[in-house]
Amino acid sequence: MPPAASSPRQIAPAELTVKGRVLDGVTKEPLTGCTVVIKGTMKGTSTDANGAYTIVVPDGNAVLVFGFIGYEKAEVPVNGRTNLDVTLKALASELDQVVVIGYGTTTKKDATGALKTVKSSEFNRGIINSPEQLLQGRVAGVNVTSASGEPGGRQNITIRGPGGVRTGSTPLFVLDGIPLDNSSSNGATSNPLNFLNPQDIEAIDVLKDASATAIYGARGANGVILITTKKGKAGAGNLTVSANVGISNVARPLPLFSADEYRRQVVAVGGVVEDQRANTDWQREISRTAITQDYNVAFSGGAEKLTYYGSIGMQNQEGVLKNSKLNRYTGRFNASQRFMEDRLTLDVNLTASQTVNERPPIDGVLGAALSANPTFPAYDPATGTPARYQAFTNPLITLALQKDLMTINRVVASISPSFKVTKDLVYKLNLGVDNASSTRDLQSLASAVPQQDGRLESIYGTNQNVLIENYFTHTLALNDHNLTSLVGHSYQKFVIRGRNWSINRFPITPIEPINNPSLGQELALATNRPGGFAIENELQSFFARANYQYKNRYLLTATVRADGSSKFGANNKYGVFPSFSAGWRLSEEAFMQSGPFSDLKLRAGWGQTGNQEIPSKITQALFTSSTSATTSYPLDNSTNYPAGTTYTRLANPDIQWEVSTQTDIGLDFGLFNGALTGAVDYFRKVSGKILLEVIPADPIQPAATYWTNVPDMTITNQGLELDLNYRYVSQGGLRLDVGGNVTFIKNVVNNSPYTVITSGSAQGPGLTSATVNGYVNGQPIGTFFLREYIGIDEKGVSKYRDIDGDGIGGTDKDRIAAGSALPTRQFNVNTSVGYKGFDLLANFNGVSGNKLYDNTANAFFYRARLVKGLNGTPEAIGEANESINNAAPVSTRFLKDGAFFRLNNLTLGYTLNPRLIGMNRWINNIRLSATGQNLFVITKYNGFDPEVNTDRTVNGISSYGIDYLSYPRARSFVFGINMTF
């Protein structure tokens with residue numbers, strides 16, 4: 001019998017594993033993060049740091065689609081190949097890269113203002129708390145100074161110098177289109193931008209001159225920093241996981257006398273040593289090896305109409321002082337969806353964060369550690385607990401008894417639909433909310449030795465920022481003419497509220513007051529009166545901008561913004577801020593085609609911006625009701641005073657905006673086909689109509705001071721910036737980037753109605769009410785206005801130069817302008833080298849021409865303290881003939897050179913090919929890195945660190961360059977791993 005016919009079998013197509021690299025078609029540089037997708041599917045991958053990829057395709061007939069931002073998309077048939085290298089052609093040169101300019105974008109070649117973009121690949125590495133640290137040393141004209149080395153400590157940032165007396169110098173930060181409020185919560189010294197995870201930032205654009213910042217009008221006087229977060233890309237989904245662990249120690253402890261040296265020096269100056277036979281390093285006792293952990297997970301992807309990006313991050317950073325730490329938890333989600341045949345686009349951004357900051361009593365702990373007798377043991381040998389002394393307070397006891405704990409929860413959200421009305425006209429609505437709530441607990445535990453009553457003070461705060469913007473953008477292209485116009489309206493409201501209460505006299509108990517306030521025994525209005533405040537401010541603005549191009553070589557930009565603020569009176573509520581700029585791309589002219597320049601653009605701009613950073617409601621009359629003999633009188637024969645109401649401030653509706661007028665002339669250039677690029681800028685910024693709190697000419701006033709615009713007074717910043725970058729890529733895979741910038745800047749105050757406006761209150765024994773800084777005509781902001789110390793006389797007493805010729809040196813009339821805290825030169829060097837899987841990045845930064853006032857040495861390190869048994873440094877005995885009775889008042893004796901040059905960051909990285917460990921089916925990229933921060937600093941300054949600015953403001957007048965018991969700066973080593981799936 002014949003065999004039965006068999007049915008045909010279905011043969012499954014054979015899968016293929018395709019590998020290869022994606023390179024730039026010209027430079028042959030690997031393209032990292034290029035998407036590789038199987039055509040017709042959502043299955044794909046992305047390239048690693050070497051441009052390598054691995055993907056499994058269903059059969060040999062599959063087609064791979066390669067996509068990378070700024071490059072032409074390529075569709076490549078597999079044709080049965082298992083090794084497939086691809087080169088992509090750039091859509092445009094670096095000059096065509098998109099830069100954010102506020103309410104829109106432009107290209108680098110078409111920009112007429114002074115601006116700089118820093119991409120995430122160029123950011124500083126290591127332990128980073130806030131966006132300012134990412135920029136340090138990267139942008140000419142931008143000076144970032146850490147107020148201290150404390151985790152989450154405030155960063156002082158100025159763009160082309162400070163321009164106000166009381167209004168600060170902080171630029172406006174704009175996060176994905178939302179102008180942020182820089183107010184701190186609960187009066188803490190922490191940075192208000194700590195909520196933002198640096199891992200989520202894609203790029204930072206710095207707008208420096210008025211032609212670029214005038215679109216933000218009222219708050220652009222100090223420059224604008226635009227932060228753009230990461231977005232998803234259409235194509236394959238990506239999952240990125242990173243982990244970093246850092247180890248930190250005090251970088252430069254002060255050279256206090258050791259126990260043996262202390263014994264010798266106290267006897268040498270005539271003192272008596274109370275010797276407990278120990279050898280205690282008190283700086284080491286209050287510090288530690290601090291551990292930082294940073295973990296982040298991010299996912300992104302999308303299809304043709306929808307893209308998304310999400311992340312979760314956690315950073316736990318210990319400070320180098322004990323009981324100091326900052327924990328930050330962040331979550332972020334961005335999405336963009338297109339509807340109605342791509343006419344409607346909806347963008348959504350959401351950030352949620354919590355920061356928990358624990359701070360020790362820094363001044364008390366550091367002050368005690370710098371003074372404590374090193375022959376006393378830190379711990380009681382019998383109990384192993386911190387030793388208690390009647391003679392002085394063990395700083396370890398201070399650490400145990402005091403706590404400052406603050407928690408901030410913050411949500412920043414926006415929704416931004418844009419609708420294409422016609423092919424040339426787009427309408428956009430921007431709705432944003434920034435809500436922050438905070439709690440701060442200041443706790444003192446009860447103690448017998450040292451004796452103190454327990455206390456708990458709790459402070460609650462809320463900051464709310466609501467933004468509503470509507471604007472239209474119209475583009476017109478006609479032959480050689482291109483015109484982009486923008487017109488819009490903005491409304492922003494800020495509401496800041498705070499409440500506080502306290503309880504005294506807690507018993508000595510293991511239960512902390514923060515956990516059970518009911519244990520407090522004293523709660524009376526006389527000593528524990530609750531407090532609170534509420535501030536509401538509103539801004540309403542109308543703005544317009546026009547960008548015109550002719551033949552892609554002649555560029556014109558005009559901007560105007562009218563700002564109205566509730567802070568000003570009825571007569572000057574609105575201010576109008578215009579700007580104009582022009583550019584000429586000489587490299588596009590026929591006569592330049594045979595020259596060496598691949599790019600050459602001349603630009604010039606002029607504009608005005610405003611400043612409204614003054615207290616709220618000061619233009620309005622203020623009444624105060626109270627019960628006292630000065631505000632009322634008895635209505636009967638008793639001594640009972642009823643509540644009385646008095647004027648405490650007269651109305652002043654004439655106060656107007658402080659105005660900054662800026663001029664910028666710049667030249668952008670490129671040589672050797674763009675390998676060498678750079679920019680030169682001359683700038684001049686003059687701030688006028690200075691807002692100042694002054695003493696009234698008429699003494700018959702209800703208030704001792706009042707706010708006004710000072711006529712004719714100006715603050716001028718002018719200088720020169722040079723930015724230079726060189727890039728080299730060899731055929732063998734060697735990549736070299738070397739860049740740097742230098743800024744020469746001069747600041748001067750003119751036409752002040754006062755001989756000196758004092759600021760910078762000194763701190764320490766015998767220094768009460770003394771000031772260090774002064775605003776003096778013909779001198780820079782931050783000038784040190786001091787007696788000039790000229791040595792020790794034959795009696796061992798300090799001598800001071802007699803300036804006024806009255807025969808008595810050292811009086812207030814003998815003070816001189818002794819230099820400024822503002823550097824006259826800023827210089828930065830950035831370099832990176834890459835070869836195959838290895839990369840090395842270094843960032844150096846420095847300043848010169850500035851002074852620092854060492855208030856710590858003034859208060860702690862002089863001979864009269866050493867004879868009393870308080871420790872010191874060699875500086876305390878620097879004057880051999882000094883009397884032990886010689887006082888140490890504020891003078892140039894403690895004024896020091898603040899110049900420094902620092903290796904800020906050094907990172908060594910290696911990108912491991914997952915195929916080498918057999919993980920290429922699941923992992924696209926593995927990068928290992930080691931980073932050193934603050935590895936060395938070259939400076940003459942002998943304090944903890946020359947980069948310091950302790951806030952010693954007097955009556956709201958900004959101080960500069962004072963170092964008083966500043967939190968020591970750390971030297972850190974960070975080890976990390978980053979994997980992309």
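Given the structure is predicted, the values throughout are model-derived calculations rather than measurements. (Residues numbered from 1 in each chain as written. Predicted model: local features only at pLDDT ≥ 70, side-chain atom pairs only at ≥ 80, totals over all residues. Heavy atoms only, no water.)

Next up on the list: the side chain of Asn 871. With respect to the helices and strands, Asn 871 occurs in the loop between α9 (863-866) and β47 (895-897). Engagement of the side chain of Asn 871 in a polar contact is seen with the backbone oxygen of Phe 257, the distance being 3.2 Å. With near-sequence residues (within four places) excluded, Asn 871 lies in contact with Leu 256, Phe 257, Tyr 262, Leu 370, Ser 371, Ala 372, Pro 374 and Phe 860. (Helix = DSSP H or I, 4+ residues; strand = E, 2+ residues; numbered from the N terminus. Polar contact = N/O pair within 3.5 Å; in protein donor to acceptor, adjacent residues only side chain to side chain. Contact = heavy atoms within 4.5 Å.)

Turning to empty space enclosed by the protein, a few remarks are in order. In the structure shown here, the tally under the stated rule is nine cavities of 30 Å³ or more. Roughly 390 Å³ of internal volume is contained in the largest cavity. Along the wall of the largest cavity there are 29 residues; nearest its centre are Ile 127, Gln 133, Gly 149, Gln 933 and Arg 969. Sorting the residues of the lining of the largest cavity by element identifies β19 (306-318), β48 (900-912), β49 (925-939) and β51 (970-980) as the ones contributing at least two each. A per-class count over the lining of the largest cavity returns six nonpolar, 19 polar and four charged. (1 Å grid on protein atoms, 1.4 Å probe; cavity = no way out; pocket = protein on both sides within 12 Å on 5 of 7 lines; lining within 4 Å. Points joined across faces, edges and corners; volume = space filled by probe spheres on them. Nonpolar A, V, L, I, M, F, W, Y, C, P; charged D, E, K, R; others polar.)

This part covers the environment of Gln 620. Here Gln 620 shows up in the loop between β29 (597-611) and β30 (622-626). Taking relative accessible area as the criterion, Gln 620 reaches 41% and is therefore assigned partly exposed. The spatial distance from the C-alpha of Gln 620 to the C-alpha of Lys 567 is 9.3 Å, given a sequence separation of 53 residues. (Buried < 20%, exposed > 50% of the residue type's maximum accessible area, 1.4 Å probe, protein only.)

Time to look at the sheet that holds strand β16 (residues 224-229). Read from one edge to the other, the open sheet built from five strands follows the order β10-β15-β16-β13-β14, with strand pairing classed as mixed. Strand pairing shows two members of the sheet lacking a second neighbour, β10 (115-119) and β14 (178-179), which therefore form its edges. Pairing geometry for strand β13 (residues 172-175) and β14, over two bridges, is antiparallel. Its bridge partner being in β14, Val 174 is matched across the sheet by Pro 179. (Pairing = 2+ DSSP bridges.)

For the structure on display, the rule yields 20 aromatic pairs. Ring centres 5.1 Å apart and planes at 45° place the aromatic pair Tyr 427 and Phe 472 in the tilted group. Of this pair, Tyr 427 sits in strand β23 (residues 425-444) while Phe 472 sits in strand β24 (residues 455-478), and the two are 45 residues apart along the sequence. Among the aromatic residues, those joined into a cluster by ring pairs are Tyr 103, Tyr 216, Tyr 471 and Phe 543. Across the ring face of Phe 195, the terminal group of Arg 410 is positioned such that the distance to the ring centre comes to 4.1 Å. Directly above the ring of Phe 900 sits Arg 902, whose terminal nitrogen or CZ lies 5.0 Å from the centroid. (Phe/Tyr/Trp six-rings, centres within 6.5 Å; stacked < 30°, edge-to-face > 60°. Lys NZ or Arg CZ within 6 Å of the ring centre and 35° of its normal.)

Right, let's talk about helix α5 (residues 362-371) for a bit. When you tally the buried positions in α5, you get eight out of 10 residues, the bulk of the element. Those residues of α5 that fall on the buried side of the exposure criterion are Ile 362, Val 365, Leu 366, Gly 367, Ala 368, Ala 369, Leu 370 and Ser 371. Contacts made by the buried residues of α5 are with α4 (282-286), β21 (344-359), α6 (395-401), α8 (855-860) and α9.

As a further point, take the nonpolar core. With 60 residues, the main nonpolar core has Val 165, Ile 286, Val 772, Tyr 853, Phe 861 and Val 890 as its most contacted residues. At the level of secondary structure, the elements contributing two or more residues to this core comprise α4, α5, α6, β34 (690-694), β39 (771-775), β40 (783-786) and α8. Looking at this core element by element, the count peaks at five residues for α5. Ignoring sequence-local partners within four residues, the contact set of Phe 861 consists of Leu 254, Leu 256, Leu 370, Thr 856, Gly 872, Thr 873, Glu 875, Ala 876 and Phe 894. (Core = buried A, V, L, I, M, F, W, Y, C linked by side-chain atoms within 4.5 Å.)

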